[in-house]
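What follows is the residue order along each chain.
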Amino acid sequence: LQRDRRTFAGKFLRKGRYVSFLNKYVRGKEVYSVPEYLKDSVSIYGVWSEDDGYPYSYGKDDILKYNFSGTGIAMFIWKDFDGGYLLAYIDDEVVKEVNCYSEKKNRVEFLLTDDLDEGPHVLTLVSEEGHVVVEGVMIYSENMVRAQQAWIQISPNTGTTTTETDYINIII
């Protein structure tokens, strides 16, 4: 956190709304299905399996479509040694080809675009080959609701814990 330093010691974080494609009810079931809260905005075509509850493709031409409203979108994927390629389209135009290969498994964020007109758009992800795991997206918008002071309270707000289990209270 920046706190009260006089010079900036980190990087600016873009504010957006994170949407996870996790479906905890399909973990270990091998076949991915869209979670209930995303049924109106996510469509899948082809063979999508689950990797710890997240959608993954190991084929060619498997498609995941996500309807969103905003001015930009970033995508979170998992790269690994078996990673393939993923094509990202926004409103039927190719914006990025993503290489999902890495020597070790790691989570990566890709900014797909941040210069869209405010309004509805469609993100289409097409698996080209290899193992492709999609975790979620971050939506950027001019119309984000900004939190006001005292919308959230966390208690206790000081203290440490070592070996015992402690609890915090979060009030929104």
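Residues numbered from 1 in each chain as written. Predicted model: local features only at pLDDT ≥ 70, side-chain atom pairs only at ≥ 80, totals over all residues. Heavy atoms only, no water.

Peer 1: Got a minute to help me understand the environment of D92 in this structure?
Peer 2: By the element assignment, D92 lies in the loop between β7 (85-90) and β8 (93-99). Sequence spacing of D92 and L123 is 31 residues, and the spatial spacing of their C-alpha atoms is 8.1 Å. (Helix = DSSP H or I, 4+ residues; strand = E, 2+ residues; numbered from the N terminus.)

Peer 1: Explain a nonpolar patch on the surface here, please?
Peer 2: Together, W151, I152, I154, I168, I170 and I172 line one region of the surface with nonpolar side chains, adding up to about 680 Å² of accessible area. Structurally, I172 can be placed in the segment after β13 (169-171). (Patch = residues over 30% accessible without salt bridge, like charges linked within 9 Å, V, L, I, M, F, W, Y side chains within 5 Å. Areas by Shrake-Rupley, 256 points an atom, 1.4 Å probe, with all protein chains shown as cover. Salt bridge = Lys/Arg side-chain N within 4 Å of Asp/Glu carboxyl O.)

Peer 1: Explain the confidence of the model for the protein chain here, please?
Peer 2: Detailed reading of the predicted model is not advised wherever pLDDT is low. Across the protein chain, the average pLDDT comes to 85, with 87% of residues at or above 70. For the protein chain, per-element mean pLDDT is lowest for strand β12 (residues 153-155), which scores 75, and highest for strand β2 (residues 42-45), which scores 95. (pLDDT = per-residue confidence, 0-100.)

Peer 1: Just checking my understanding: could you explain the pairing of strand β4 (residues 54-57) for this structure?
Peer 2: Taken residue by residue, a regular strand's side chains alternate between the two faces of the sheet. The two faces of β4 match: Y54 and Y56 on one face and P55 and S57 on the other face are all buried. Examined bridge by bridge, strand β3 (residues 48-51) and β4 share 4 bridges and lie antiparallel to one another. Counted as the bridge partner of W48 is S57 from β4. Taking the residues that link successive antiparallel strands as the turn, the β3-β4 hairpin has 2 residues, and the phi of D52 there is positive, at about 55 degrees. Bridge count for β4 against strand β11 (residues 132-140) is 2 bridges, and the pairing is antiparallel. Of the residues in β11, the one forming a bridge with Y56 is V133. (Buried < 20%, exposed > 50% of the residue type's maximum accessible area, 1.4 Å probe, protein only. Pairing = 2+ DSSP bridges.)

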